[in-house]
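Report on the structure
The lines below spell out each chain.
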There are 4 protein chains.
Amino acid sequence: MLESNVRSYSRAYPRVFDRAIGAEIWDNNGARYLDFLAGCGALNYGHNNPFLKESLIEYISRNGIALGLDLTTIAKDQFLEALNEYVFKPNQLDYVVQFTGPTGTNAIEAAFKLARKVTGRTNIVSFTNGFHGVSMGALAATGNAYHRGAAGLPLGGVTSLPYDNYLGRSINTMDYFQQLLEDKSSGLDTPAAVVVETVQGEGGLNTASATWLKQLQMICKKWDILLIIDDIQAGCGRTGTFLSFEKYNLKPDIVTLSKSISGYGLPMSIVLLNRSIDQWKPAEHNGTFRGNNHAFVTAAAALNQYWRTPELSLEIDRKAALLTQWCDQKLFQYSEQLIAQRGRGLMRGLVCASPATAARISKIAFENGLIIERSGAEDEVIKFLMPLTI
Amino acid sequence: MLESNVRSYSRAYPRVFDRAIGAEIWDNNGARYLDFLAGCGALNYGHNNPFLKESLIEYISRNGIALGLDLTTIAKDQFLEALNEYVFKPNQLDYVVQFTGPTGTNAIEAAFKLARKVTGRTNIVSFTNGFHGVSMGALAATGNAYHRGAAGLPLGGVTSLPYDNYLGRSINTMDYFQQLLEDKSSGLDTPAAVVVETVQGEGGLNTASATWLKQLQMICKKWDILLIIDDIQAGCGRTGTFLSFEKYNLKPDIVTLSKSISGYGLPMSIVLLNRSIDQWKPAEHNGTFRGNNHAFVTAAAALNQYWRTPELSLEIDRKAALLTQWCDQKLFQYSEQLIAQRGRGLMRGLVCASPATAARISKIAFENGLIIERSGAEDEVIKFLMPLTI
Amino acid sequence: MLESNVRSYSRAYPRVFDRAIGAEIWDNNGARYLDFLAGCGALNYGHNNPFLKESLIEYISRNGIALGLDLTTIAKDQFLEALNEYVFKPNQLDYVVQFTGPTGTNAIEAAFKLARKVTGRTNIVSFTNGFHGVSMGALAATGNAYHRGAAGLPLGGVTSLPYDNYLGRSINTMDYFQQLLEDKSSGLDTPAAVVVETVQGEGGLNTASATWLKQLQMICKKWDILLIIDDIQAGCGRTGTFLSFEKYNLKPDIVTLSKSISGYGLPMSIVLLNRSIDQWKPAEHNGTFRGNNHAFVTAAAALNQYWRTPELSLEIDRKAALLTQWCDQKLFQYSEQLIAQRGRGLMRGLVCASPATAARISKIAFENGLIIERSGAEDEVIKFLMPLTI
Amino acid sequence: MLESNVRSYSRAYPRVFDRAIGAEIWDNNGARYLDFLAGCGALNYGHNNPFLKESLIEYISRNGIALGLDLTTIAKDQFLEALNEYVFKPNQLDYVVQFTGPTGTNAIEAAFKLARKVTGRTNIVSFTNGFHGVSMGALAATGNAYHRGAAGLPLGGVTSLPYDNYLGRSINTMDYFQQLLEDKSSGLDTPAAVVVETVQGEGGLNTASATWLKQLQMICKKWDILLIIDDIQAGCGRTGTFLSFEKYNLKPDIVTLSKSISGYGLPMSIVLLNRSIDQWKPAEHNGTFRGNNHAFVTAAAALNQYWRTPELSLEIDRKAALLTQWCDQKLFQYSEQLIAQRGRGLMRGLVCASPATAARISKIAFENGLIIERSGAEDEVIKFLMPLTI
């Protein structure tokens, strides 16, 4: 009666939900569900994680600042220090942090603006099946026709190129990019930046190989193009390491993080910038909620709790191996409708023979108390995004 | 060391802030400041408002869902009911609510998309000195050259027209809009929508008269153009009523709310849509954090606490009168550098003879323990945005 | 049967035309018409002007090059020398000539590109009721909604501002432009260039005053904006002098000429550039037919025949005075449906009380052997464009 | 002194040219050159072709209308009848003709507008190394970075895809297009139209195979996309038949013709539209010079003279075979710097090992009295465009 037709998950899961802990969620009738959607990747440490909850309640209780705009606060400082200590230093990354409006799409908008400003070029290269948000700047880089169709304006400033393996295993799509750059008559305007997900969460759990990503980085260097890794869904531990590309020896110029960065499902987004390209002037990109200090508190708590030691990383690897094995040994035998698995770490997709099969699996799962969603161009892939701490 | 150059307020107020209650804020040395900036209008009920704080802690403690995507939750239901009861019903508004990503700019992006979709047109009319956000869709409607310059792409799809009194009191700028629409060769593409602030917070506290706004509404009806009131800064009680246009007999097709809608400074944005234009298809505009349930809890608490009775409204009017009187009787005598006051309710601007004067006032205020900011095209207006509950 | 529905004049004048001399034109039945449309201003010296005809036949007969791309030819040299001698030198204009594809819209496209390249800005200011062509770059600056509606894409990169007297005689619209430039939050992106017609041929014969144009030139200088005078319809003698602004002491940075520049109705367009902004690199803007040497031959002949002495100029003034007098003394008495006359020189408009009246006048005229067209936003103005040599 | 820096051919061939007949051209010192550039393909019947010349002089002498706007004239009628008789009927094409401003780029602008209007979509697919003109609408579909760079605005509304064989012989690039269309998340907005050259004149004489073009036509039908064949350079007999695709069993929805359509090098352009999509309203796309009757006269004469019988076609095939043989047997033996030949009919390219070689060949040729130009992304291909009647 009071909510717009734009709502979607509430149609597939028509319950009134109430409480949640870890991977469990309860509706107002006390019915319990396992949550393998987990805030679409924004609840890597589970619902109401006890360590984070404690920090947050303590902070609120002592009247810690809730909204700080971009003022310096103790909460922000502590987050930045933890990020530096447990993420930047071990990976030898000389980054500064931009706090944007607390949504992934806002982080992407900021990244694109800066890339265009720094290079003086306007084009951005994105990839097939990529998803980077739905505000106008980010939407231009999002492949999904359904979302693009809602723009109401032609989307410009972005060229979509084939992702790794898009044209089959025998064709290196990165060579195609290189050819377009070398050919002065290809129609490709040399881009300011390339934006890429190492694993495509919404696009169907496609993964880019280390080789392909390294070639991309090499091309970017050669042509003076900025490399933006959109780690909004694949980051924050989802693939086994905090940043999804830690084992690939990549040094992207810009990294966007959101979703699980606060750890508690609180809105927060940051853009990591190589110090040398931080050419922002004060407040050029701004927004009221870029100082959501509650999120900073839980974000710092999450870093301190889970990324001080390699424990969680090992745990994710172990669970990922289990999942792979289970799919290989059990699931594929079970039905010919299940074709393949995709993804990395605990960011997994089970490819179904048809969208209808995937829909049916998701529906039956829900009837049996499991919330699990689909992704891919036609929603043909079952997506595992359970809390890492499950 | 670790934060981008884009930070701004932290330059003007170089302290490490820590705690805050009501209109007071303390730094890490225990120094106390009065906060007349108040989260840029996002803290209308003050920092850590005790009523809201209690609800929030209680909710977190009982493991209430923090992030619910767009699932139905008890927290969301209670917010919607309160909004309906204390805002829609008394004003006879038949609206549905769209929850967007929790930033004002995201609400504007959604509003523009829907307006373009519903009308099949692409142009949006905005006004001189308007501010509607900095993501690419919203930025096109934002007048500020500094922000526009950071876009990195030409901004399109929006026509900027003169706001009320922009050409002096003797010229009705709304007649100009009408002339452009009637003239089939004016170069104005008939717009999908007009977006307007009844009081321009960032633009220098300019106000639109009831007459001008009513003429705008009439023109919109005649030409089948949607009227969007951006109440992100002027809404939530700032001008004396919950919606800034309640006393003007306006029925905008779309209203955007953010900033103080959660009441606690937590990120939240909503778009109010006339039921008849709610042509969204499921998830056409989406975003992970559109279900920030902590914000729903405090938003419902704020509505229940402050908008059940006319008490706060009367209080705002009383304080606004005091402020006006004080400016008129005391402040203008004090210096010729203070030229005029502008605004409505507790959304007030003190116009200075020069940007330098305004800067100096703001600086000296801070040295004396008062945080107060500037706005306007050249930051020449001192902006009063103190908590309404001060 | 064989021609597209896009044809238009052939509907209003459903005859098969054959021969024409001066202001007279005959159909295939030998019926004779007076032609006050004259190629929409492209036949200022009349159809098949005998001086020009002689030169052309002589040139073709001796196998003079017809199409020369942008090679240097004797025909081009002779045109350039005549233009320099009879137009540039007397007006102290230090211009170079760019030969574009031989249409007005192509000249405008080239002018806009160069202005954007030279200034590094993207916006162009045009004026209400302006007409500058229908290819995508030029169309963005054309006010007419009918033509704009056929673009199939939103038109960007141009801001339309009110022409002289658009808001009535008491309001100086040039002050509005200045205010928008000074106001850093007006939403006007400082333009690369302003494009203006001194008399608006398609827009309804509105004229800009010398004062307004001079203020425009001053503003352009102050803000480092290029001034483009589109003299495609008003140039080549139509207003009494070869360039329409010769008596106004203007030195536009760029002038576009087409229509009557060849004198014989042959396709030709040129862009005059202040030497200091000629920052084109070779062939950056090109096109096969930029070397239409037949047109160069007749263009040189026209300059030599008509602009060596002030004779034609005086003749135009005399005829213009006659026309004015005749309208004032005879025409307005005749009917209340005739409201006013507009324009300069022999570029005159007779404003009718309604589009229907104008249509009826044009129709009855044709039945009586006179071809005369309408212009203006609603085709409410009868347009006199008879050959100057009539 | 008087011409803009934008001039280009006059730099490579620094002579003052005067007369020309057939494939021969003379400068003002009487020096004679063979012209294998031939107006960049606009002089397929040679300079001052005697049959056409006679018609033209006769027409001018009898005061035939030079400029007719879009009025019906005898000259236009005779052209349309000849086109119908010798081109449409033999190929069973049910087309109507749109006369646009007389430049190729204008024809492309019209084609794109109509395609967008008819389909209600905005995107156009073009191909790598394609060239379609330099006005803003057409430029967006032109691959060349040098020309694109001069736009001064980001170019939008077009997606560039790989041409036939762009990724080597083993990859069918048309399959890639199909995959992008089928994939709802590919980022490709379903286009209004595809624009393609069957032989890429400016792009380096690349040819599309019949198979590839037929697959393109099939895809267009399936997805309700309009097929535009840009036959501006390859049409008018250049490849052996009047339309370049006559032997391929293609029925494009739209064909653009220019360059040699008038036969005499006079500016003229037409758009052929399948009757069923002729949804233009009167004058929606217009332009002063769309009625260049001199061009209609020579165009009709050319059709009558050369396309009434198969003689010229056979002649072109014979000469093309000679050229191929000569390249194969003589030229490639001569130097390793000559790599391959490309093209069809008398639209041939000789691929050089480096741009420097091609430049040197062209330079030495000129010193020896032969004007021959280069094309390709880096001007590495020597382009044979001699008159077909040589």
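Here we take up the relation of the copies chain C and chain D. Structural alignment of chain C on chain D gives an RMSD of 0.0 Å, achieved by rotating through 180° and translating 0.0 Å along the axis. In the structure described here, the two chain copies are related by an operation that fits a two-fold rotation axis. Taking C-alpha positions as reference, the residue of chain C nearest the rotation axis is Met 136 of chain C, located at 2.7 Å.

Even without being glycine, Asp 379 of chain B reaches a positive phi, approximately 55°. Structurally, Asp 379 of chain B is set in the loop between strand 16 (373–375) and strand 17 (381–384). The exposure class assigned to Asp 379 of chain B is partly exposed, which follows from its relative accessible area of 31%. One non-glycine residue, Asn 165 of chain C, lies in positive phi territory at about 70°. With respect to the helices and strands, the residue Asn 165 of chain C is situated in the loop between strand 6 (158–161) and helix 8 (173–182).

Attention now moves to the pairing of strand 11 (residues 254–257) of chain A. Residue and element names in this part refer to chain A. Of the two faces of strand 11, the one holding Ile 254 and Thr 256 and the one holding Val 255 and Leu 257 are both buried throughout. Note that strand 10 (residues 226–230) and strand 11 share three bridges and pair parallel. Counterpart to Ile 229 in the pairing with strand 11 is Val 255. Two elements, strand 11 and strand 12 (residues 270–274), share four bridges in a ladder whose sense is antiparallel. Following the sheet pairing, Leu 257 is matched in strand 12 by Ile 270.

Per-residue confidence for chain A gives a mean pLDDT of 97, with 100% of residues at or over 70. Both scores are given for the predicted complex: the pTM is 0.97, the ipTM 0.98.

Under the criterion given, the structure shown has 58 aromatic pairs over all chains. Ring geometry for Tyr 13 of chain A against Phe 366 of chain A: centres 4.9 Å apart, planes inclined by 70°, an arrangement best described as edge-to-face. Of the two residues, Tyr 13 of chain A is situated in the loop between helix 1 (9–12) and strand 1 (17–21) and Phe 366 of chain A in helix 12 (residues 355–367); the sequence distance between them amounts to 353 residues. Taken as a pair, Tyr 13 of chain A and Phe 366 of chain A share a single burial class, namely buried. Ring centres of Phe 88 of chain B and Tyr 95 of chain B lie 5.7 Å apart, and the angle between their planes is 90°; on these two criteria the pair is classed as edge-to-face. The pair Phe 88 of chain B / Tyr 95 of chain B is uniform in exposure class, with both members buried. Each residue in the set Tyr 13, Phe 17, Tyr 33 and Phe 366 of chain A is aromatic and connected to the rest through ring pairs, giving one cluster.

Looking now at the environment of Tyr 86 of chain B. All names here are of chain B. By secondary structure assignment, the location of Tyr 86 is in helix 4 (residues 74–88). Owing to a relative accessible area of 18%, Tyr 86 belongs among the buried residues under this scheme. Along the backbone, Tyr 86 and Tyr 306 are 220 residues apart, and their C-alpha atoms lie at a distance of 9.6 Å. Polar side-chain contacts of Tyr 86 include one of 3.5 Å to the side chain of Asn 304.

Glancing now at the nonpolar core. General note: in soluble globular proteins, nonpolar side chains tend to be found buried as a group. Counting 400 residues, the largest nonpolar core has Phe 79 of chain A, Phe 79 of chain B, Phe 79 of chain C together with Phe 79 of chain D as the members making the most contacts within it. Contacts of Phe 79 of chain D, omitting those with residues within four sequence positions, involve Phe 99, Ile 261, Met 268, Ile 270, Phe 296, Ala 299, Ala 300 and Leu 303 of chain D.

Moving on, we come to the interface of chain C and chain D. Counting from both sides, the interface comprises 101 residues of chain C and, opposite them, 101 residues of chain D. Summing both partners gives a buried area of about 8,800 Å² for chain C against chain D, and 61% of it is carried by carbon and sulfur. Broken down residue by residue, the surface that chain C buries against chain D is led by Leu 2, Val 6 and Phe 289 of chain C, which jointly contribute 9%. At the junction of chain C and chain D, the tally comes to four salt bridges. Put simply, Glu 3 of chain C and Lys 76 of chain D hold a salt bridge, and the shortest N to O gap is 3.0 Å. Viewed at the interface, chain D and chain C are joined by 47 residue pairs in polar contact (both at pLDDT 80 or more). Residue composition of the side of chain C that touches chain D, grouped by class: 48 nonpolar, 31 polar and 22 charged.

Before going further, it helps to spend a moment on the environment of Gly 265 of chain D. Assignment of secondary structure puts Gly 265 of chain D in the loop between strand 11 (254–257) and strand 12 (270–274). Exposure remark for Gly 265 of chain D: the relative accessible area of 0% places this residue in the buried category. Put simply, Gly 265 of chain D and Tyr 248 of chain D are 17 residues apart on the chain and 28 Å apart in space, counted from C-alpha to C-alpha. With residues up to four places along the chain from it excluded, the contact list for Gly 265 of chain D reads Leu 67 and Phe 289 of chain C together with Ala 42 and Leu 43 of chain D.

Moving on: the sheet that holds strand 16 (residues 373–375) of chain A. Residue and element names in this part refer to chain A. Here four strands make up an open sheet; going across it, the order is 13-14-17-16 and the pairing antiparallel. Looking at which strands have only one partner, the edges of the open sheet turn out to be strand 13 (338–344) and strand 16. This sheet shows a mean twist of 35° between the axes of neighbouring strands, independent of strand direction. Across three bridges, strand 16 lies against strand 17 (residues 381–384) in antiparallel orientation.

About the thresholds
- Residues numbered from 1 in each chain as written.
- Chains lettered and ligands numbered in written order.
- Predicted model: local features only at pLDDT ≥ 70, side-chain atom pairs only at ≥ 80, totals over all residues.
- Heavy atoms only, no water.
- Least-squares fit on C-alpha atoms with pLDDT ≥ 70 in both.
- Helix = DSSP H or I, 4+ residues; strand = E, 2+ residues; numbered from the N terminus.
- Buried < 20%, exposed > 50% of the residue type's maximum accessible area, 1.4 Å probe, protein only.
- Pairing = 2+ DSSP bridges.
- pLDDT = per-residue confidence, 0-100.
- Phe/Tyr/Trp six-rings, centres within 6.5 Å; stacked < 30°, edge-to-face > 60°.
- Polar contact = N/O pair within 3.5 Å; in protein donor to acceptor, adjacent residues only side chain to side chain.
- Core = buried A, V, L, I, M, F, W, Y, C linked by side-chain atoms within 4.5 Å.
- Contact = heavy atoms within 4.5 Å.
- Buried area = accessible area lost by both parts, 1.4 Å probe.
- Salt bridge = Lys/Arg side-chain N within 4 Å of Asp/Glu carboxyl O.
- Nonpolar A, V, L, I, M, F, W, Y, C, P; charged D, E, K, R; others polar.
- Axes fitted to C-alpha atoms, helices over the stretch in contact; angles between N-to-C directions.

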